[in-house]
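# Structural characterization, general
Now for the letters of each chain:
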Amino acid sequence: MDIVDALDARHGTICFVGAGGKKTTMATLAARLEHAVVTATVRIPIFDGWVEEVVVTEAPRTAIDAASAWPLGVVPAQERPDRYRGYDPATVADLVDTEHPILVKADGARMREFKAPSDREPQLPSTASTVVPIASAHVVGEPLTDDIVHRVDEVTAITGLARGDEIRPQDVAAVLAHEQGGLKDVPANATAVPLLNMVDDAGLETSARAIAEAIHNRTDVPRVVLAEMRSDDPLVAVV
């Protein structure tokens, strides 16, 4: 199994939520897929460097049908020099087809490594086939602070931790496996595949495996993927 199959990303609409490597994961998959489309339902930093072309358009279906360079990025507008705006989820839902895997950034994390969603997140299209809730393995053992966690209050509501408490494997699992956390608003027909990223040494793999076991104890997901998306061979393990 490679990273594409581990994340059920070869076909359909694959949505990425959470924190700790959404964009890196999307770039890794886009480079390994044929005719991949990269887009977002939320703001997304400029990503021209890891696709062949970005088309700024209010008609993404037309741009996809006319494309000859892959992977292709489609966005509705450049909001600032450093970021694009995303489409509304209904527009992305209409892009679903069998030829082009659609990779979708569906929430924001402000460069943090762990998060829980706000009441306005995630922005998932109804046609999502796979939802990948992400967290960085690096957060285990770190304090629950705004430095590494986006939306600390939402994380405390799910885990019972207080600000400044040490984040444990079971806390990461609690958020990723919670219906108000990583599984929030996942469409009924979609498959959730949690991803623990930044697993770049043996100690982090031990922590990630503990998180994966706790996720399986809490909810029914087919697998939990452990990866280091910056590596040439990103797949570490499938639990």
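Residues numbered from 1 in each chain as written. Predicted model: local features only at pLDDT ≥ 70, side-chain atom pairs only at ≥ 80, totals over all residues. Heavy atoms only, no water.

The antiparallel open sheet is built from three strands, whose spatial order is E3-E7-E6. Each having just a single partner strand, strand E3 (44–45) and strand E6 (77–80) make up the two edges of the open sheet. In this structure, E6 lies alongside strand E7 (residues 83–85), joined through three bridges in antiparallel fashion. Bridging across to E7, glutamine 78 finds its partner in tyrosine 84. (Pairing = 2+ DSSP bridges. Helix = DSSP H or I, 4+ residues; strand = E, 2+ residues; numbered from the N terminus.)

Quick look at the pairing of strand E2 (residues 37–40) now. Here E2 shows no split at all, with Val37 and Thr39 on one side and Val38 and Ala40 on the other all buried. Looking at chain direction, E2 and strand E5 (residues 72–75) are connected through two bridges and run parallel. By the bridge assignment for E5, valine 37 is matched with leucine 72. (Buried < 20%, exposed > 50% of the residue type's maximum accessible area, 1.4 Å probe, protein only.)

Moving on: unusual backbone geometry. Following tryptophan 70, the chain continues to proline 71 via a peptide bond in cis, the omega torsion being -5 degrees. Tracing the sequence through the fold places proline 71 in the loop between helix H3 (60–66) and E5. In this structure, the amide linkage connecting glutamate 121 to the following residue, proline 122, adopts the cis form with an omega of -10 degrees. Within the secondary structure, proline 122 sits in the loop between strand E9 (114–115) and strand E10 (130–136).

Turning to empty space enclosed by the protein, a few remarks are in order. With the rule as written, the count across this model stands at one cavity of 30 Å³ or more. Roughly 80 Å³ of volume is contained in the largest cavity. Lining the largest cavity are 14 residues; nearest its centre among them are Val17, Gly18, Pro117, Gly181 and Gly182. Looking at side-chain class alone, the lining of the largest cavity contains eight nonpolar, three polar and three charged residues. (1 Å grid on protein atoms, 1.4 Å probe; cavity = no way out; pocket = protein on both sides within 12 Å on 5 of 7 lines; lining within 4 Å. Points joined across faces, edges and corners; volume = space filled by probe spheres on them. Nonpolar A, V, L, I, M, F, W, Y, C, P; charged D, E, K, R; others polar.)

The next point concerns the packing of aromatic side chains. Within this structure, the stated rule accounts for two aromatic pairs. Between phenylalanine 47 and tryptophan 50, the aromatic rings sit 5.3 Å apart at their centres with planes inclined by 45 degrees, giving tilted as the arrangement. For phenylalanine 47, a relative accessible area of 1% gives the class buried. Judged by its relative accessible area of 23%, tryptophan 50 is partly exposed. Ring centres of phenylalanine 47 and tyrosine 84 lie 5.7 Å apart, and the angle between their planes is 75 degrees; on these two criteria the pair is classed as edge-to-face. Placement of the pair is phenylalanine 47 in the loop between E3 and strand E4 (53–56) and tyrosine 84 in strand E7, with a sequence separation of 37 residues. Grouping residues by exposure puts phenylalanine 47 and tyrosine 84 together as buried. An aromatic cluster of three or more residues is present, and its members are Phe47, Trp50 and Tyr84. (Phe/Tyr/Trp six-rings, centres within 6.5 Å; stacked < 30°, edge-to-face > 60°.)

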